[in-house]
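So the chains spell out like this:
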Amino acid sequence: MKKTSVSYVSEFNDNYIWLVHVLSKNKAELEIIIVDPGDASTVIRAIQEQIQPKAIFVIHHHCDHTAGINRLVDKFQLPVYASINSIIPKVSHPISHGQTITFESMGLSFQILSVPGHAQKRGDN
Ligand SMILES: [Zn+2]
């Protein structure tokens, strides 16, 4: 069974970009999912040679969660997962409440929950 870890890098002065990571099958690299990249430079600095980004998750559309998406997609050709109702750029995988998404190579599954928080109404984040 693969060991999953979560870490973060600080961005701006008051926010974090979360990284979900799993050691690859051959143990040669870490495969990571980037959550809410408000700043691409912060992520790129954190990613080293033996780290393989696999996807971007975005919880809502505010720029401190999304401003780094375009650059990271251009650099790493990553799929972007976000709400089906979102206005987030470059979403390749629109997702909705109750859905499960699986990353076979990482041995991970995620249950999608709609949690509106401060991003307007349910389903709008
Ligand atoms: Zn926000």
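Everything here concerns the structure above.
Engineer: Help me understand the layout of surface pockets, please; the structure alone is not making it clear to me.
Structural biologist: Roughly 520 Å³ of volume is contained in the largest pocket. If you go around the largest pocket, you meet 26 residues; those closest to its centre are Val58, Ile59, Ile95, Ile112 and Leu113. Of all the elements in the fold, those that place two or more residues in the lining of the largest pocket are β5 (80-83) and β8 (108-111). With three residues, β5 is the single largest residue contributor to the lining of the largest pocket. In terms of residue class, the lining of the largest pocket is built from 15 nonpolar, eleven polar and no charged.

Engineer: Any chance you could explain a nonpolar patch on the surface here in plain terms?
Structural biologist: Together, Val6, Tyr8, Tyr16 and Trp18 make up a nonpolar patch on the protein surface, roughly 430 Å² of accessible area in all. Those elements that place two or more of their residues in the nonpolar patch are β1 (4-11) and β2 (15-23). The exposure class of Tyr8 is partly exposed, given its relative accessible area of 46%.

Engineer: I keep staring at helix α3 (residues 69-76) and nothing clicks. Help me out?
Structural biologist: Residues that lie three or four places apart on an α-helix share one face, since the helix turns once every 3.6 residues. Regarding α3, the residues found buried are Ile69, Leu72 and Val73. Buried residues of α3 fall within an arc of 100° about the axis and therefore sit on the same side. In this structure, the buried residues of α3 make contact with β3 (30-35), α1 (40-46), β4 (51-57), α2 (63-66) and β5. A positive backbone phi angle near 50° is found at Gln77, which sits one or two residues after α3.

Rules and cut-offs
- Residues numbered from 1 in each chain as written.
- Predicted model: local features only at pLDDT ≥ 70, side-chain atom pairs only at ≥ 80, totals over all residues.
- Heavy atoms only, no water.
- 1 Å grid on protein atoms, 1.4 Å probe; cavity = no way out; pocket = protein on both sides within 12 Å on 5 of 7 lines; lining within 4 Å.
- Points joined across faces, edges and corners; volume = space filled by probe spheres on them.
- Helix = DSSP H or I, 4+ residues; strand = E, 2+ residues; numbered from the N terminus.
- Nonpolar A, V, L, I, M, F, W, Y, C, P; charged D, E, K, R; others polar.
- Patch = residues over 30% accessible without salt bridge, like charges linked within 9 Å, V, L, I, M, F, W, Y side chains within 5 Å.
- Areas by Shrake-Rupley, 256 points an atom, 1.4 Å probe, with all protein chains shown as cover.
- Salt bridge = Lys/Arg side-chain N within 4 Å of Asp/Glu carboxyl O.
- Buried < 20%, exposed > 50% of the residue type's maximum accessible area, 1.4 Å probe, protein only.
- Arc of directions from axis to C-beta.
- Contact = heavy atoms within 4.5 Å.

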